[in-house]
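Each chain, written out:
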Amino acid sequence: MRDKLFDKSDHAVTDFDFGEKTAEVFDDMLDRSIPLYSELQRMIGELANEFAVSGTNVYDLGCSTGITLQSLMGAIKKDVTFVGVDYSAPMLERAERRFKSLGDTRPHRTVCADLNGDCDIKNASVIVLNLTLQFVRPLFRDLVLRRIHAGLNENGCLILVEKVLGNDSMFNRMFINYYYEMKKRNGYSETEIAKKREALENVLIPYRVDENLALLRSNGFSHTDMFYKWYNFAGFLAVK
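In this report, we go over the structure that sits alongside the text.

How each quantity is defined
Residues numbered from 1 in each chain as written. Predicted model: local features only at pLDDT ≥ 70, side-chain atom pairs only at ≥ 80, totals over all residues. Heavy atoms only, no water. Helix = DSSP H or I, 4+ residues; strand = E, 2+ residues; numbered from the N terminus. Expected span 1.5 Å × (residues − 1). Buried < 20%, exposed > 50% of the residue type's maximum accessible area, 1.4 Å probe, protein only. Arc of directions from axis to C-beta. Contact = heavy atoms within 4.5 Å. Polar contact = N/O pair within 3.5 Å; in protein donor to acceptor, adjacent residues only side chain to side chain. Core = buried A, V, L, I, M, F, W, Y, C linked by side-chain atoms within 4.5 Å.

We now examine helix α6 (residues 169-185). Its 17 residues place the ends of α6 25 Å apart at the C-alpha level, agreeing with the 24 Å of an ideal helix rising 1.5 Å per residue. By the burial criterion, the buried members of α6 are Asn172, Phe175, Tyr179, Tyr180, Met182 and Lys183. Each buried residue of α6 sits inside an arc of 150° when the element is viewed along its axis, so together they form one side. Opposite its buried face, α6 presents the exposed residues Arg173 and Arg185, each directed more than 90 degrees away. Against the buried residues of α6 lie α1 (20-33), β5 (152-165), α7 (190-200), β7 (223-230) and β8 (233-239). Its side-chain oxygen at 2.8 Å from the backbone nitrogen of Met170, Asp168 defines the N-terminal cap of α6.

Below is the structure:
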């Protein structure tokens, strides 16, 4: 379904959420809002296959409608169990529909849980946070990453993709403007862009690239690097 959540100029803007209305259009929203999204999905799958180990779990934390899990299932050739975690029931319902339509018989499950609280991670060789950590309050990000690190096996990897801030305010403004131009090319109006920006203002809190890398290192990851960068988006690979 086409994303038209913010196309009504007379509607009051509330904080962005991941409920039923968002779930209905989420796949289209990602495709039109995330730069190089199909290539990013391919890269995530490629990296995950490199680190996945038979007999372990592969997690997508904040799995939404299951797009990234589908990429992981297509890319990973080992005998693993795929686990999708999200706190939004409407998102998980759509993820389950996706898996049913795929007909993939390999072990997989979805879990309704909040990363801030009751999310159980164990025996993991790969964990993905694809545009998820940015929605966790900064106060709780260390706790989330410590739990992820504890749940990873030795030499397991975390694949982290985030919206990021530029280190220089001039470049930061440029990169954001280029991002909005991309959204316009993909059919979003000025009104939609402005209203979504307002809705996300207190919900999505990005860090700089160096802050993300420092956060990973301070929570136990011994090897870190950036594998993807497009203006104000970045992907990081961290290994325990």
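Moving on, we come to the nonpolar core. Within the largest apolar cluster, 50 residues are counted, with the highest numbers of intra-cluster contacts made by Leu72, Val126, Ile159 and Phe227. The greatest single-element share of this core, amounting to seven residues, is contributed by helix α2 (residues 37-51). In this view, Phe227 contacts Leu40, Met43, Leu47, Ile159, Leu160, Val161, Gly235, Phe236 and Leu237; residues no more than four positions away in its chain are not counted. Ala124, Ile127, Val144 and Ala238 belong to the second largest nonpolar core, which has 29 residues in total.

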